[in-house]
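If you want the building blocks of each chain, they are given just below.
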Amino acid sequence: MFAFPTYTRMDSLYRRFFTIALFISLLFSPLAFAKKKQELQVVVTDTYISMHTGPGRGYPIFHVLEKGEVITLLYSKTDWIKAETSKGLKGWVHRRSMDDTVGVNGESVELGIPQLGDFSNRSWEVGVSAGEFDKVESLGVHAAYRLTKNISAELRYSQATGRFSNSKIVSWGLVHQPFPEWKISPFFTLANGQIDISPNNNLSQTQDQDDNFYLIGTGLYYYLSHRFMVRFEYNNYTTLPDRNNNENVDEWKLGISAFF
Amino acid sequence: MHQTFNYSLLTLLLTTNLLFGSIVANAQPSSSETDNPVLDKIVTPDLERRSITEDQLDNEDWEIGVYSGVLSIEDFGSNSVNGLRLAYHMTEDFVLELNYGLSEAKESSIEVLGGGIQLLTDDQREYSYYNISLVYNIFQGEVFMGKNTAFNSAFYILAGGGNTTFNENDYFTYTIGGGLRFYLTDFTALHFTVKDHIFTNDIIEDKVTNNLEATLGLSFYF
């Protein structure tokens, strides 16, 4: 089951596969092993805090922290923080219960769940989306960096796989969001980029095609919770296949974005 | 007419780009506080009002892993499959997962029984896929071993989309499935996953194919 096929023609694919694996692991290994050494100690000022056996609301409560108790915060998983008592007991406490704690030296504790207010102060946004490009199913990723309160620079990549051809689309441009503090917030896009269209192999007469385009788009962000937004958008592409003529292509996408 | 429109719009785009580029380039931090560093050092009391923030706490929301198992490619036998998994745990309930996998199709029954018939060349038998799935942890809990050892676990369901490269062609692919995530520690997990990769192809006839995959994987959190 774990043996890799011995076919030589697969070697190049597997080499690529392991190169990607190696690259990713190299990229993340410093993050994985650079554990923070400093001790984060806080004092419980709430009446009590429940300690769960796992990072989820359904895991049983096996211990209750009392007011005045000093705990060490170890690491977090989503909304839960692994904490250790002075007696060495380890368990998970909810982030919300950290609202009523202070550091041992009187520091304020800011480990709450990100809110809509943080959403309008974000600097990075990354997301994935699915939709239709020219009536063909497509999948995409995007990353944006906020330049001002309202304007972000954005890079996008998507792939639309149809019955007759396969398009890879890269674009870069600006996104203007006039009211970032609204829970449902509209945005407008102006971008340019390149589309690479390759035909399916059973239609070998047609050639690979590279086109430049610009696009005008609009859409809506809907704030979900934490650091997440639903993003719906519509884009109109104007491709410039040759000098005398241009083509208009519609795209709509529904996706999810996270801000950091 | 169209030409003029195109170029005016492109010019507009370029101007906006340049305009914002210059705004960003010219943005300077205000220098009101750092005028006299020596005096500041004497006057500012040693009491530092610190706060404990997210940056000081390690999060373990990202997961990276490998998996291996069996992929049944419709009409083309059961084949070994190897893959990579990158996942982001958004909340305690939802996970966003990216997968990339590789396999290779065996001969179909037609090719085995039909004498000299060959449907696919060797290169066309290469099968690779990627997909992005939304995972929902439907049953979370603890499983125990004996009296004193308990492990955290989650049974999850997932749905997503992606792309399959097979027959030297790309096919848009829907993925549905489920699995069990078994936490060995807070930083490592075992996965047992079953998925169905659904896409339409016309290799034998024009039809929707179901390609079932069962894998065992190991993941690390960082």
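Residues numbered from 1 in each chain as written. Chains lettered and ligands numbered in written order. Predicted model: local features only at pLDDT ≥ 70, side-chain atom pairs only at ≥ 80, totals over all residues. Heavy atoms only, no water.

## Topic: the overall build of chain B
Now for step 1: The secondary structure content of chain B amounts to three helices and ten strands.
Now for step 2: The secondary structure elements of chain B, listed N-terminal to C-terminal, are α-α-β-β-β-β-β-α-β-β-β-β-β.
Now for step 3: Looking at chain B residue by residue over its 222 residues, the buried ones come to 45%.
Now for step 4: The long-range share in chain B, meaning contacts at least 24 apart out of those at least 6 apart in sequence, stands at 56%.
Now for step 5: Carbon and sulfur atoms make up 63% of the accessible area of chain B, which totals about 11,700 Å². (Helix = DSSP H or I, 4+ residues; strand = E, 2+ residues; numbered from the N terminus. Buried < 20%, exposed > 50% of the residue type's maximum accessible area, 1.4 Å probe, protein only. Contact = heavy atoms within 4.5 Å. Areas by Shrake-Rupley, 256 points an atom, 1.4 Å probe, with all protein chains shown as cover.)

## Details of unusual backbone geometry
Now for step 1: Not every positive phi belongs to a glycine, and H226 of chain A is a case in point at roughly 50°.
Now for step 2: With respect to the secondary-structure elements, H226 of chain A resides in the loop between β14 (209–225) and β15 (228–242).
Now for step 3: The phi dihedral of D75 of chain B falls on the positive side, at around 75°, and the residue is not glycine.
Now for step 4: Judged by relative accessible area, which is 32%, D75 of chain B ranks as partly exposed.

## So, the nonpolar core
All names here are of chain A.
Now for step 1: Among the nonpolar cores identified, the biggest contains 16 residues, and L73, V93, M98 and L111 are the most heavily contacted of them.
Now for step 2: Residue assignment for this core shows that the elements contributing at least two residues are β1 (40–44), β2 (48–52), β4 (70–77) and β5 (80–85).
Now for step 3: With three residues, the single largest contributor to this core is β1. (Core = buried A, V, L, I, M, F, W, Y, C linked by side-chain atoms within 4.5 Å.)

## With respect to the pairing of strand β5 (residues 94–104) of chain B
Residues and elements named next belong to chain B.
Now for step 1: Along β5, nine of the eleven residues are buried, which leaves the element largely enclosed by surrounding structure.
Now for step 2: Examined bridge by bridge, strand β4 (residues 78–89) and β5 share nine bridges and lie antiparallel to one another. Within β5, the residue paired with Y88 across the bridge is L96.
Now for step 3: Linking β4 to β5, which pair antiparallel, is a turn of four residues. (Pairing = 2+ DSSP bridges.)

## Focus on the pattern of salt bridges
Now for step 1: Inspection of the entire model under this criterion finds 15 salt bridges over all chains.
Now for step 2: The residue R231 of chain A makes a salt bridge to E233 of chain A at a minimum N-O spacing of 3.0 Å. Of the two residues, R231 of chain A and E233 of chain A, neither departs from the other in class, the shared state being buried.
Now for step 3: Among the ionic pairs, E74 of chain B bridges to K207 of chain B, the shortest N-O distance being 3.2 Å. Placement of the pair is E74 of chain B in the loop between β3 (62–72) and β4 and K207 of chain B in strand β10 (residues 207–221), with a sequence separation of 133 residues.
Now for step 4: Taking relative accessible area as the criterion, E74 of chain B reaches 24% and is therefore assigned partly exposed.
Now for step 5: It is possible to trace a salt-bridge network through shared partners that takes in E125, E154, R156, R231 and E233 of chain A. (Salt bridge = Lys/Arg side-chain N within 4 Å of Asp/Glu carboxyl O.)

By themselves, these figures tell us nothing about what the structure is for.
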